[in-house]
Amino acid sequence: MDKYIKIPDTNSTILIQGFMFGVEKAGWKLEEHHHDIFELTLCMEGSAFQWFNEECIEFNKGDWIFLRPGVRHQTKNRSEGSFSYLAVHFDIDDLPLRRLLKNSILNHVPYQTAMETQLAKYTKEIDHLIQKILYQKNYILTDEDIILTVTEVDKLLFQANVIAVISEYIKLIDKNNQVDLDTSFTKQQLEIADEIKAVLEKNVFGSLNINEISEAFGYSRSHCTRIFTQVYGSSPRQYYTNLKIKKAKELLMLTNKGIDEISYELGFSSVFHFSRQFKRWTSKSPSEYRMNPTR
């Protein structure tokens, strides 16, 4: 009997935003702010002071900084010359990975630690891509920015290397057990979260109100939302929307159903609402995704 090695289907999405290379002059300071998604930043030249969670560290060449959503932070160039960095902001809808990242306390990866990984390899590939595009003069100049214009192949290469960078960081979390110990949950909390997840997945078609779930379990909506978010790093509403987006991607690629029909089947209030939510996660409209599903 023939044997086959099968790999589980992958239908999660990593949304990459704000991917940039910056060079700042001496005395530059980025005022305190926060993002609603994750951030990974590499110091490429110079050094800076980096504040987060009321802690200040020296951010030197070759160091990496990881920030979870909602963490307030600020940066100041501490060198007499320029400070350059590579920063990527991203979000992910895979619950186990999202939970791992949300609970990570590995904020600072020093140069020596980073050199024990493949981080340098993938950032070098990213740098080569940037240099190639600049050499070919495929960019648009504005008063403040150089905006690269990339081919579909280069876009995929950028995505692949950024995902590889994120993977290397996740390996460091696993290796060093850098997970917040305060996130241990009781058996009851895990059971509630898993039951909510099962109900959401079962009802991906049609519509489901979170109030209906909480009433069925005999808890308040806020209690169910809090437990689910703590366990999985995503609210039930966000997870439910993401389930629908995943199913929409399958229907767009594998069927000839119209966008309005897919929107109706998945329980969206309107085609406009469906298209807006779909573009939020894929950066493409449903029709664009159907023509070119590269994300």
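Residues numbered from 1 in each chain as written. Predicted model: local features only at pLDDT ≥ 70, side-chain atom pairs only at ≥ 80, totals over all residues. Heavy atoms only, no water.

S.K.: I'd like to hear about unusual backbone geometry, residue by residue, with values.
M.R.: Although it is not a glycine, Lys137 sits at a positive phi angle of roughly 60 degrees. Residue placement: Lys137 occurs in the loop between helix H3 (119-135) and strand S10 (139-141). (Helix = DSSP H or I, 4+ residues; strand = E, 2+ residues; numbered from the N terminus.)

S.K.: I'd love a proper account of the nonpolar core, names of residues and values included.
M.R.: Grouped together as the largest cluster of nonpolar side chains are 30 residues, with contacts concentrated most on Leu40, Trp64, Leu101 and Tyr169. Residue assignment for this core shows that the elements contributing at least two residues are strand S3 (38-45), strand S6 (64-67), strand S8 (83-92), helix H1 (95-103), H3 and helix H4 (152-176). Leu101 has contacts with Phe38, Phe66, Arg68, Phe90, Ile92, Tyr169, Ile170 and Ile173, leaving out every residue within four places of it along the chain. Counting residues in each nonpolar core, the second largest holds 18 residues, with Ile196, Ile227, Tyr240 and Leu243 among its members. (Core = buried A, V, L, I, M, F, W, Y, C linked by side-chain atoms within 4.5 Å. Buried < 20%, exposed > 50% of the residue type's maximum accessible area, 1.4 Å probe, protein only. Contact = heavy atoms within 4.5 Å.)

S.K.: Account for the pattern of salt bridges, with residues named and values stated.
M.R.: Scanning all chains against the criterion turns up 10 salt bridges. Across the pair Lys132 and Asp154 runs a salt bridge, and its minimum N-O distance is 2.8 Å. With Lys132 in helix H3 and Asp154 in helix H4, this residue pair connects regions lying 22 residues apart in the sequence. Given the relative accessible area of 5%, Asp154 is considered buried. Salt-bridge contacts for Lys197 lead to Glu201; the nearest nitrogen and oxygen are separated by 3.1 Å. Of this pair, Lys197 and Glu201 both sit in helix H5 (residues 187-202), 4 residues apart, which is roughly one turn of the helix. A relative accessible area of 23% places Lys197 in the partly exposed class. Judged by its relative accessible area of 36%, Glu201 falls in the partly exposed class. (Salt bridge = Lys/Arg side-chain N within 4 Å of Asp/Glu carboxyl O.)

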